[in-house]
Amino acid sequence: MNKPLHIPPAFRKADIIVLLLLIAITGLCWKITIYDDKSQTQVEITANGAPPLIVSLSQKGRQLMEVQGLIGISKILIENGTAQFISSPCPHGLCIKMGSLSKKGQAAACVPNRVLLRLISTNEKPNENGLDGISR
Amino acid sequence: MGIKAALVNAGGDLRSFGLKPGKKPFRIGIQNPDNAQSIVGILRVTDCAVATSGDYERFFKMDGKRWHHILDPKTGRPGRLTRSVTVIAQSTMMADGLATAFFVMGPKAAIDLANGLKDIEAAIIAPNKRFYMSRGFSKYLEKEK
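A quick note: this is a predicted structure, and the numbers were derived from the prediction, not measured.

A. Region of interest: unusual backbone geometry. A positive phi is found at Asn80(A), a non-glycine position, where the angle reads about 50°. For Asn80(A), the location among the structural elements is in the loop between strand E4 (73–79) and strand E5 (82–87). For Asp119(B), which is not a glycine, the phi torsion comes out positive at approximately 60°. With respect to the helices, strands and loops of the structure, Asp119(B) is situated in the loop between helix H2 (107–116) and strand E11 (121–125). Among the residues examined, Asp119(B) registers a relative accessible area of 46% and is labelled partly exposed.

See the structure below:
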């Protein structure tokens, strides 16, 4: 006589706990490493050595900024948590080709017009201590 | 492109040329090996490179010991004579290479070597927090106000 086949349940209680833990850990890792909270991000715009202009990245709608640089006006669009150059008087338009910035630490520059666009944390004080860099 | 001054920062290794508007030199902080949020001094530089090697950037701790990425070729283990070395040189490649070599050599031998090299200055922080400098390094240090 054949022994009845024992099929284990798909999930035991412990399996469900492990699965939930894995989902929670994955979510936490995503939050820490990939997810970029736009309310914590701001755009720092520096033009021709002038004190930086700070704009929040979390604002609603579309904001077009015109910044006077060394050789003309650079237009910067801030929209949907991103910032980008859309026009600049430089000969090659490399700053426009750099595309939209959306994560903290990203930067785009129009070197001929001396305009720098940088995404920074709201906690980060622009150019702290007046330092130009830190050797580490 | 007509650029008269710039500071290039490649992950903490820097090369500057020219002077900032107002004819001011670039101000570079040297990171505190014990606290990433603070600095131990400020350098005023132009037309030179600054690189720092330290045991605080890439490491793990095991059995209460810090195991970092700068290995002493004599032992195959992380160098223990130094916490951080900052080198000023004409090229970033030279500054970075010497910073790592000086780290492994230890403060006294490294400062002796730096004093004998042309256009090279070095500052070293030892594990006992003592600060060693080559002869010409202090001329780059910003004096506290």
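The structure having been displayed, the exposition proceeds.
B. Main features of the packing of aromatic side chains. Taken as a whole and judged by the stated rule, the model has zero aromatic pairs over all chains. Seen from the ring of Trp67(B), Arg80(B) lies directly overhead, with NZ or CZ sitting 5.3 Å from the centre.

C. Representation of the state of the cysteines in the model. Residues and elements named next belong to chain A. Counted by the stated rule, this structure contains zero disulfides over all chains. In this structure cysteine 90 is not part of a disulfide, and its nearest cysteine sulfur, from cysteine 110, lies 3.7 Å away. Under the relative-accessibility criterion, cysteine 90 is labelled buried at 11%.

D. Up close: the sheet that holds E4(A). Residue and element names in this part refer to chain A. Across the sheet, which stays open at both edges, the three strands sit in the order E3-E4-E5 with antiparallel pairing between neighbours. For this open sheet the edge positions go to strand E3 (62–68) and E5, each flanked by a neighbour on one side alone. Ignoring which end each strand starts from, the neighbouring axes of this sheet average 25° apart. The sheet contact formed by E4 and E5 spans five bridges and is antiparallel. Looking at E5, one finds that isoleucine 76 is bridged to phenylalanine 85.

Basis of the calculations
Residues numbered from 1 in each chain as written. Chains lettered and ligands numbered in written order. Predicted model: local features only at pLDDT ≥ 70, side-chain atom pairs only at ≥ 80, totals over all residues. Heavy atoms only, no water. Helix = DSSP H or I, 4+ residues; strand = E, 2+ residues; numbered from the N terminus. Buried < 20%, exposed > 50% of the residue type's maximum accessible area, 1.4 Å probe, protein only. Phe/Tyr/Trp six-rings, centres within 6.5 Å; stacked < 30°, edge-to-face > 60°. Lys NZ or Arg CZ within 6 Å of the ring centre and 35° of its normal. Disulfide = S-S within 2.5 Å. Pairing = 2+ DSSP bridges. Axes fitted to C-alpha atoms, helices over the stretch in contact; angles between N-to-C directions.

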